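One-letter residues, chain by chain:
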Number of protein chains: 2
Amino acid sequence: MGARRKLDYDCPIRDVLDRVGDAWSVLTILELSKGPCRFNALRRVIDGISQRMLAVTLRHLERDGLISRRVLPTAPPQVEYALTDRGQSLHAAIGQLNSWAVEHQPGIRADRAEYDDRPDVA
Amino acid sequence: MGARRKLDYDCPIRDVLDRVGDAWSVLTILELSKGPCRFNALRRVIDGISQRMLAVTLRHLERDGLISRRVLPTAPPQVEYALTDRGQSLHAAIGQLNSWAVEHQPGIRADRAEYDDRPDVA
DNA sequence: TGTGGCGGTTCCCTGAAGGTAACTATGAGA
DNA sequence: TCTCATAGTTACCTTCAGGGAACCGCCACA
């Protein structure tokens, strides 16, 4: 949140919004919901994300216990990320929100158009 | 979103995240879910919000058809904001997310503490 | 004739988010 | 031997969201 106001008075939903309000976090969770994935593979599939932001995002998600990080004992060591159970459940919750979005998007779009069209500068 | 990337490829959830990812929008919806409220009353009760951000937030919510704006024919005209049906339903969806947050916050907090404590700079 | 509340709008300026690019080490393959 | 991929980290720089303050017209009250 741009506003670093402390309206985070221990409010639980602020914790989740800090993740869910972040586009990269959501996209990353969506990707990982399809199955485990490595760093550069994620980078290639999450269109437009920078190396730095992917690293930062993954660290945040890992810190919150939403994803797991596993280093594979391969030649150049590869790192596999996967959703934890908690991450899965958040993915489900996001799905709920997504359903709401899908259901209401047409109406929202229409209202926006109407709002933008009316010249009631009055 | 700081990133003005166009990962908004018509993705419905981006629309809703643009509102839900915004702290002020959520707080405003939460306040209005208790009942209609006027501008300055909202300002007083939403701790820390600036006049400008309240105006901006209300306009966004109104544009998306989540709240209604009604000018009362009083002496100094007062303006009453209220959740629309769509706003109510979003409030419900936020409630779902809130439940998730409340349920998982202890675990998240614990994992964060653990993550921060371990000095595996290795 | 102020002063205050109503509901905003406009300006400027800062602080933080995030992009870019350079750098790290290791091993495989040409 | 040179180059690529693996997974990051770090420094630098730009952008823009949002805070703060000033300002608006209007009316009531004292």
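Up top is the structure these notes are about.
Everything quoted here is computed from the prediction, not taken from an experiment.

Counting its secondary structure elements, chain A contains 5 helices and 3 strands. N-terminal to C-terminal, the α/β element order of chain A is α-α-β-α-α-β-β-α. Once local pairs closer than 6 in sequence are excluded, the contacts in chain A between residues at least 24 apart make up 41%. Of the roughly 6700 Å² that chain A leaves accessible, carbon and sulfur atoms contribute 50%.

The subject of this paragraph is the environment of Gln88(B). With respect to the helices, strands and loops of the structure, Gln88(B) is situated in helix H5 (residues 85-117). Along the backbone, Gln88(B) and Leu32(B) are 56 residues apart, and their C-alpha atoms lie at a distance of 9.2 Å.

With that settled, consider the interface of chain A and chain B. Contacts between the two partners involve 46 residues from chain A and, on the opposite side, 46 residues from chain B. Overall, the association of chain A and chain B removes approximately 4500 Å² of surface from exposure, summing both partners, and the carbon and sulfur fraction of that is 62%. Summed over the shared surface of chain A and chain B, the result is 10 salt bridges. Linking Asp116(B) and Arg63(A) is a salt bridge whose minimum nitrogen-to-oxygen distance equals 2.4 Å. Across the contact surface, chain A and chain B share 18 residue pairs in polar contact (both at pLDDT 80 or more). Those elements that provide at least two residues to the side of chain A that touches chain B are helix H1 (12-20), helix H2 (23-32), helix H4 (51-63) and helix H5 (85-117) of chain A. If you tally residues by element for the side of chain A that touches chain B, the top one is H5(A), at 19 residues. Of the residues belonging to the side of chain A that touches chain B, the class tally is 24 nonpolar, 8 polar and 14 charged.

As a further point, take the relation of the copies chain A and chain B. After a rotation of 180° and a shift along the axis of 0.0 Å, chain A superposes on chain B with an RMSD of 0.1 Å. On the angle and the small slide along the axis, the relation comes out as a two-fold axis. Closest approach to the rotation axis among the C-alpha atoms of chain A is made by Gly21(A), whose C-alpha sits 1.8 Å away. Of all interface residues in chain A, 100% are interface residues in chain B too; the two copies therefore contact each other through one and the same surface.

Cut-offs applied
Residues numbered from 1 in each chain as written. Chains lettered and ligands numbered in written order. Predicted model: local features only at pLDDT ≥ 70, side-chain atom pairs only at ≥ 80, totals over all residues. Heavy atoms only, no water. Helix = DSSP H or I, 4+ residues; strand = E, 2+ residues; numbered from the N terminus. Contact = heavy atoms within 4.5 Å. Areas by Shrake-Rupley, 256 points an atom, 1.4 Å probe, with all protein chains shown as cover. Buried area = accessible area lost by both parts, 1.4 Å probe. Salt bridge = Lys/Arg side-chain N within 4 Å of Asp/Glu carboxyl O. Polar contact = N/O pair within 3.5 Å; in protein donor to acceptor, adjacent residues only side chain to side chain. Nonpolar A, V, L, I, M, F, W, Y, C, P; charged D, E, K, R; others polar. Least-squares fit on C-alpha atoms with pLDDT ≥ 70 in both.

Geometric values such as these leave the question of function open.
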